[in-house]
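Per-entry structural report
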Amino acid sequence: MATTRIIPMHQNKGKTIRQCLSDRLDYGKNPDKTQEGQLISAYACDPDTADAEFALSKREYFQLTGRRQDSDVIAYQVRQSFRPGEITPEEANRIGYEFAERFLKGNHAFIVCTHTDKQHIHNHIYWNSTSLDCTRKFRNFWGSTMAVRKLSDLICVQHRLSVIENPKPHGISYNRWQGDIEKLSNRDRLCLDMDAALAKKPHDLEGFYSLMEQAGYTVTRGKNITFSHPRQKRNIRMCSLPEEYSEDVIREVLAGRRIHNPRKRRSPLAEQKVQLVSALEAKQNQGRGHYYDLSIQNQITKQQARALLYYQQHGFTSADDFDAFAESVEAVKQRRDALSAQITSAEKRLNEIAVLQKHITNYLKTKDIYAGYRASGYSKAYYEEHEDAIKLCKASKRAFDELLPSDTSGKTAGSHKKQLPSLKALRAEYAELLAMKKAAYPEYYRAKDEYRELLTYQANLAGLFGIENVRSAPQREHQQEEK
């Protein structure tokens, strides 16, 4: 589950665009919050020089279009927060990167900073308001907040994370935000106790109030009937409850002129997941009572029957076929691992291409300025006038030395003796890898879920068949999968 918020960032009075960008980005890149910078990723910019790159693009935008606005938006930020304990910092950063990639469609440079200093992991996603070609700016359209939330929810669903169903425009309690299933409010408890009292069919209203007092309530009779309970901080007026629990309606119910309809509450059945029998067995005999142990035993029987039914439906008839079943489980694991490796390799190359594209673009934009700097004899005045462009050119040179291999003459691409890769070819490769990655994700998650389910079946069947030397291995691997 992720919550999102889009925030326009304006230029502050008395500060340059570069200073404003540096202040905002430095907060996001704080090493104490991003595990020493390990949880920072970027597209079409270098995290170390992102402020200079954003500022340079705005200068080029003004030169190309001649447009400049008062209180101009220099960048945008989206904060993306996740439910505590539901996601790892690395996965949160990947989800933030994927969100920005899909929302901005590759038209704006962005940086994703994942913070772990709070109980909830959250992303700070910054993107340049100026497009990569410096000819237009990001349009914060009407309803952009809704679009951001829908895209974020879609990505979370694809990554098997929960989302907020029916989000409200104003703040609501945490329990109701979770769907009215985690904890009942005091009003809900009062209604339930009133249902129980009416089920005992008291003769009159006084008898009804007596039953409520037996349930622990203090009933104050006066102009307004109120109920208080030790767990409540405030009294609850009867007239503030739903219509079915008003005094007049209850009088009619007690008189037999009306049938009581208890208030309907959402209580969706939990998804019936496959469970390890060994985990259920560990819950038995813990001193929680005979009926609790009986309930656990019923669950164990159901899980064993479910595993055996799956075993037989897939052509395995006896315990002698267990080895063949284990081989089918291993085949699913290998397919999952192969898809995972394929996606990881594609993501690595996509990041390399994105960085290389930006550095090539920066170099082409700034090489003439850097050549002028060299021709000026490395003039200090020239450097101060073109500081941003010179820094970007130097950063591009260093990147070429790291990303591009040396040629046969011993010259590296950073010395510019070797022709740089074509931007057109890099974009084509990027699009091909991105399409392959998106197509592989659904298949990977299906294989992952299938393997987890089969691994549980394997452990449960090993216990059912009495194969103790095999039973422990699936259990250990299942525990690793759970982690």
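Calculation criteria
Residues numbered from 1 in each chain as written. Predicted model: local features only at pLDDT ≥ 70, side-chain atom pairs only at ≥ 80, totals over all residues. Heavy atoms only, no water. Helix = DSSP H or I, 4+ residues; strand = E, 2+ residues; numbered from the N terminus. Buried < 20%, exposed > 50% of the residue type's maximum accessible area, 1.4 Å probe, protein only. Contact = heavy atoms within 4.5 Å. Areas by Shrake-Rupley, 256 points an atom, 1.4 Å probe, with all protein chains shown as cover. Pairing = 2+ DSSP bridges. Core = buried A, V, L, I, M, F, W, Y, C linked by side-chain atoms within 4.5 Å. Axes fitted to C-alpha atoms, helices over the stretch in contact; angles between N-to-C directions. Parallel < 35°, antiparallel > 145°, perpendicular 65-115°, else oblique. Nonpolar A, V, L, I, M, F, W, Y, C, P; charged D, E, K, R; others polar. Salt bridge = Lys/Arg side-chain N within 4 Å of Asp/Glu carboxyl O. Polar contact = N/O pair within 3.5 Å; in protein donor to acceptor, adjacent residues only side chain to side chain. Phe/Tyr/Trp six-rings, centres within 6.5 Å; stacked < 30°, edge-to-face > 60°. Lys NZ or Arg CZ within 6 Å of the ring centre and 35° of its normal. Expected span 1.5 Å × (residues − 1). Left-handed = near helix turned anticlockwise from the far one by under 90°.

1. Examining the overall build of the protein chain
Assigned secondary structure in the protein chain consists of 15 helices and eight strands. Counting the 483 residues in the protein chain, one finds 41% classified as buried. Relative to all contacts within the protein chain whose residues are 6 or more apart in sequence, the contacts with residues 24 or more apart total 67%. Element-wise, carbon and sulfur atoms account for 49% of the exposed surface of the protein chain, whose accessible area totals about 27800 Å².

2. Concerning the sheet that holds strand S8 (residues 236–237)
By definition, the strands of a sheet pair up through backbone hydrogen bonds, in either a parallel or an antiparallel sense. The strand order across the open sheet formed by three strands is S6-S7-S8, and the pairing between neighbours is antiparallel. Edge positions in the sheet fall to strand S6 (218–220) and S8, since each of these pairs with one other strand and no more. Where S6 and strand S7 (residues 226–228) come together, three bridges link them in antiparallel fashion. The partner of valine 219 across the bridge, within S7, is phenylalanine 227.

3. Thoughts on the nonpolar core
Core analysis: the biggest nonpolar cluster contains 61 residues, and Phe99, Phe103, Phe110, Trp127 and Tyr430 have the highest contact counts within it. Take this core: its biggest share by element is nine residues, from helix H11 (residues 322–375). The residues contacting tryptophan 127, other than those within four sequence positions of it, are Ile6, Phe54, Ala75, Tyr76, Val78, Phe103, Leu104, His108, Ala109, Phe110 and Phe138. Counting residues in each nonpolar core, the second largest holds 20 residues, with Met194, Leu205, Tyr245 and Leu254 among its members.

4. Description of the packing of helix H7 (residues 205–214) against helix H8 (residues 247–254)
Packing of H7 against H8 leaves a shortest axis separation of 10 Å and a crossing angle of 110°. Put simply, H7 runs roughly perpendicular to H8. From H7, Leu205, Phe208 and Tyr209 reach across to H8, where they touch Glu247, Ile250, Arg251 and Leu254. Across the contact of H7 with H8, the residue classes tally to five nonpolar, no polar and two charged.

5. Quick word on the pattern of salt bridges
Any two side chains of opposite charge can pair if their charged atoms end up close together. Following the criterion strictly, the structure yields 20 salt bridges and no others. Aspartate 193 is paired through a salt bridge with arginine 231; the nearest N and O atoms lie 3.5 Å apart. With aspartate 193 in helix H6 (residues 186–199) and arginine 231 in the loop between S7 and S8, this pair connects stretches of sequence that are 38 residues apart. For arginine 231, a relative accessible area of 31% puts it in the partly exposed group.

6. Topic: the side chain of glutamine 80
Mapped onto the fold, glutamine 80 is located in strand S3 (residues 73–82). A polar atom in the side chain of glutamine 80 sits 3.0 Å from the side chain of serine 152.

7. Observations concerning the packing of aromatic side chains
With the rule as written, the count across this model stands at 26 aromatic pairs. Here the aromatic rings of phenylalanine 322 and phenylalanine 325 are separated by 6.5 Å at their centres, their planes lie at 40°, and the arrangement is tilted. In this pair, phenylalanine 322 and phenylalanine 325 are both assigned in helix H11, three residues apart and thus about one turn of the helix distant. The exposure class of phenylalanine 322 is buried, given its relative accessible area of 2%. Among the aromatic residues, those joined into a ring-pair cluster are Tyr310, Tyr311, Phe316, Phe322, Phe325, Tyr457 and Phe465. Just above the ring of tyrosine 61 sits the side chain of lysine 137; from NZ or CZ to the centre is 5.8 Å. The aromatic ring of tyrosine 292 is capped on one face by arginine 288, whose charged end is 4.3 Å from the ring centroid.

8. Regarding the pairing of S3
Within S3, nine of the ten residues are buried, which leaves the element mostly enclosed by the surrounding structure. Relative to strand S5 (residues 122–128), S3 is paired through seven bridges, and the arrangement is antiparallel. Residue pairing for S5: arginine 79 is matched across the bridge by histidine 124.

9. A word on helix H2 (residues 50–65)
For H2, built from 16 residues, the straight-helix expectation of 22 Å at 1.5 Å per residue is met to within 8% by its first-to-last C-alpha distance of 22 Å. Within H2, burial applies to Ala50, Asp51, Ala52, Glu53, Phe54, Ala55, Leu56, Ser57, Lys58, Glu60 and Tyr61. Buried residues in H2 make contact with helix H1 (17–28), S3, S5, H11 and helix H13 (387–403). One or two steps after H2, the chain reaches glycine 66, where phi turns positive at roughly 70°.

10. Quick notes on the environment of alanine 399
Topologically, alanine 399 is positioned in helix H13. Judged by relative accessible area, alanine 399 falls into the buried class, the value being 7%. Between the C-alpha atoms of alanine 399 and leucine 356, which are 43 residues apart in sequence, the distance is 7.7 Å. With residues up to four places along the chain from it excluded, the contact list for alanine 399 reads His359 and Leu404.

11. A word on the packing of H11 against helix H14 (residues 423–465)
One can describe the packing of H11 onto H14 by two numbers: an axis separation of 7 Å at closest approach and a directional angle of 155°. Between H11 and H14, the interaxial angle falls into the category roughly antiparallel. Seen from above, H11 lies across H14 with left-handed handedness. Class assignment for the residues of the contact of H11 with H14 results in 31 nonpolar, five polar and eleven charged.

12. What about the pairing of S5?
Along S5, seven of the seven residues are buried, which leaves the element largely enclosed by surrounding structure. Of the two faces of S5, the one lined by His122, His124, Tyr126 and Asn128 and the one lined by Asn123, Ile125 and Trp127 are each fully buried. Where strand S4 (residues 110–115) hands over to S5, the hairpin turn is made up of six residues, counted between the paired strands.

13. A closer look at H1
Taking 1.5 Å as the rise per residue, H1 with twelve residues should run 16 Å; its terminal C-alpha atoms sit 17 Å apart, in good agreement. Regarding H1, the residues found buried are Cys20, Leu21, Ser22, Leu25 and Gly28. Taken together, the buried residues of H1 touch H2, S3, S4 and S5.

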